[in-house]
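# Coordinate inspection notes
So the chains spell out like this:
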Amino acid sequence: MIASSRSPLIWVVHLSVLLLVLLWTLPTAGLLISSLRDKDQLAVSGWWTALSTSTQSLVYRAPGADKQVEKDGKFVIAGNLLEGQSTGQVSAFGFNSREPAAFQPGQTADLGDGEKLTVQAGGAFEIVADKAMEGTRGQRIFYTAAVPPRFTIDNYLEVMRAEGIGASFINSLTVAIPSTIIPILVAAFAAYALAWMKFPGRAILIAVVVGLLVVPLQMSLIPLLKLYNGVGAFFGVPAKTYVGIWLAHMGFGLPLAIYLLRNYMAGLPREIMESARVDGASDFDIFVKIILPLSFPALASFAIFQFLWTWNDLLVAMVFLGTGNDSLVLTGRLVNLLGSRGGNWEILTASAFITIIVPLIVFFSLQRYLVRGLLAGSVKGG
């Protein structure tokens, strides 16, 4: 009876989980497919059409008059609109932007001055004239072509070959690793003190930590930078250094880290700590030998989120580290590749997957330790 009453709830939970997985997976899959598509097809159709033939309106510039050859008393310029493409089919063409599809393949268009244009379905074209053609610019040919799906790794190669990518990758690691480790260490000590050590003002400190959670980063960024610059000028420390951005990320990450770890540590069994104190263990011994091993799930979870935040950050890095070529992080370098108008979508999709390689490694590595922490934190009754 109990099993039957729980069945609908179990199905709802399973369907909810499946829906959440789809909501996260579909955009990622679309981004991956887009990063492997030809940039011309990516610009005119969505990723869901990647396996279907796409119709594109294109423009081809024919060779100039210097490429004409004389054949049977006529002057001919020949070529192929689909040059460089293994397959494709022309469905219409024209020589005027106002009528780009005025003619069907195989028909002949009169260009004037005795010149005629013929385009075949396979893309082959001929411009035939009774007298020698003049001019340095070739005739523009507008055409509509059905192009089969094309996939390439050129988008990834373009990003990887960009100047400064390697140095920016190292800069991002230099920012993200200390900015993850330092807040965890500081927050773990603070959380233990707020959870298990009694001292005056503890409740006020907890309230301050909770209050700092709602302070927007954008509101505190400039005051924090001015404070850091003032302290740095007093001690003769340069403003744009890695120490500055480490301290900034520590300041922004500590409230959440202390809040999460304090709540987790406060829920650990009190009997374990009391037994350790009876055996003569100090607070430091209890923290290192008992609290930290039992807190692996919370530590690993925060480490994942903190690393993702610092690795993908652009705003804090630009403010505290600068935009010079020597100090530019990976996200800033990729923004520069996109250009001032935010074009080049093929670079955007490919760079997105390049940037998530390291976070994926961190996630799956810490997930293993998270499971170990869950097992280590289990308390077995005697």
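Before reading on, note that the structure itself is shown above.
Residues numbered from 1 in each chain as written. Predicted model: local features only at pLDDT ≥ 70, side-chain atom pairs only at ≥ 80, totals over all residues. Heavy atoms only, no water.

Let's shift gears to a nonpolar patch on the surface. Together, Ile 204, Val 208, Val 210, Leu 212, Leu 213, Val 214, Val 215, Met 219, Leu 256, Tyr 259 and Leu 260 make up an exposed nonpolar region whose accessible area comes to about 960 Å². Put simply, the parts of the chain that give the nonpolar patch at least two residues each are α5 (202–212) and α7 (242–266). The element contributing the most residues to the nonpolar patch is α5, with four residues. Among the structural elements, Leu 256 can be located in helix α7. Of the residues examined, Leu 256 reaches a relative accessible area of 40% and is grouped as partly exposed. (Patch = residues over 30% accessible without salt bridge, like charges linked within 9 Å, V, L, I, M, F, W, Y side chains within 5 Å. Areas by Shrake-Rupley, 256 points an atom, 1.4 Å probe, with all protein chains shown as cover. Salt bridge = Lys/Arg side-chain N within 4 Å of Asp/Glu carboxyl O. Helix = DSSP H or I, 4+ residues; strand = E, 2+ residues; numbered from the N terminus. Buried < 20%, exposed > 50% of the residue type's maximum accessible area, 1.4 Å probe, protein only.)

Moving on, we come to the sheet that holds strand β8 (residues 140–147). Sheets are built from strands that pair by backbone hydrogen bonding, the pairs being arranged parallel or antiparallel. Spatial strand order, β1-β8-β4: three strands in an open sheet with antiparallel pairing. The open sheet has two free edges, formed respectively by β1 (54–61) and β4 (89–94), since each of these has just one partner strand. Direction aside, neighbouring strands of the sheet carry axes that sit 25° apart on average. Relative to β8, β1 runs antiparallel, the two sharing eight bridges. Looking at β8, one finds that Tyr 60 is bridged to Ile 141. (Pairing = 2+ DSSP bridges. Axes fitted to C-alpha atoms, helices over the stretch in contact; angles between N-to-C directions.)

The subject of this paragraph is the nonpolar core. Core analysis: the largest hydrophobic core is formed by 27 residues, its most contacted members being Tyr 192, Trp 196, Leu 261, Met 265, Met 273, Ile 286 and Ile 291. Of all the elements in the fold, those that place two or more residues in this core are α4 (165–196), α7, α8 (270–278), α9 (283–294) and α10 (296–312). Here this core gets eight residues from one element, more than from any other, and that element is α4. For Ile 291, the residues in contact, after removing those within four places along its chain, are Tyr 192, Trp 196, Met 265, Leu 268, Met 273 and Ile 286. Ile 77, Leu 117, Ile 141 and Val 147 belong to the second largest nonpolar core, which has 22 residues in total. (Core = buried A, V, L, I, M, F, W, Y, C linked by side-chain atoms within 4.5 Å. Contact = heavy atoms within 4.5 Å.)

Another aspect to go through is the packing of aromatic side chains. For any pair of aromatic rings, the description rests on two quantities: the centre-to-centre distance and the angle between the ring planes. By the definition in use, this model includes 10 aromatic pairs. Taken together, the aromatic side chains of Phe 93, Phe 95 and Phe 103 make up a single cluster linked through ring pairs. (Phe/Tyr/Trp six-rings, centres within 6.5 Å; stacked < 30°, edge-to-face > 60°.)

This paragraph deals with the side chain of His 249. Structurally, the position occupied by His 249 is in helix α7. Overall, the relative accessible area of 0% leaves His 249 in the buried class.

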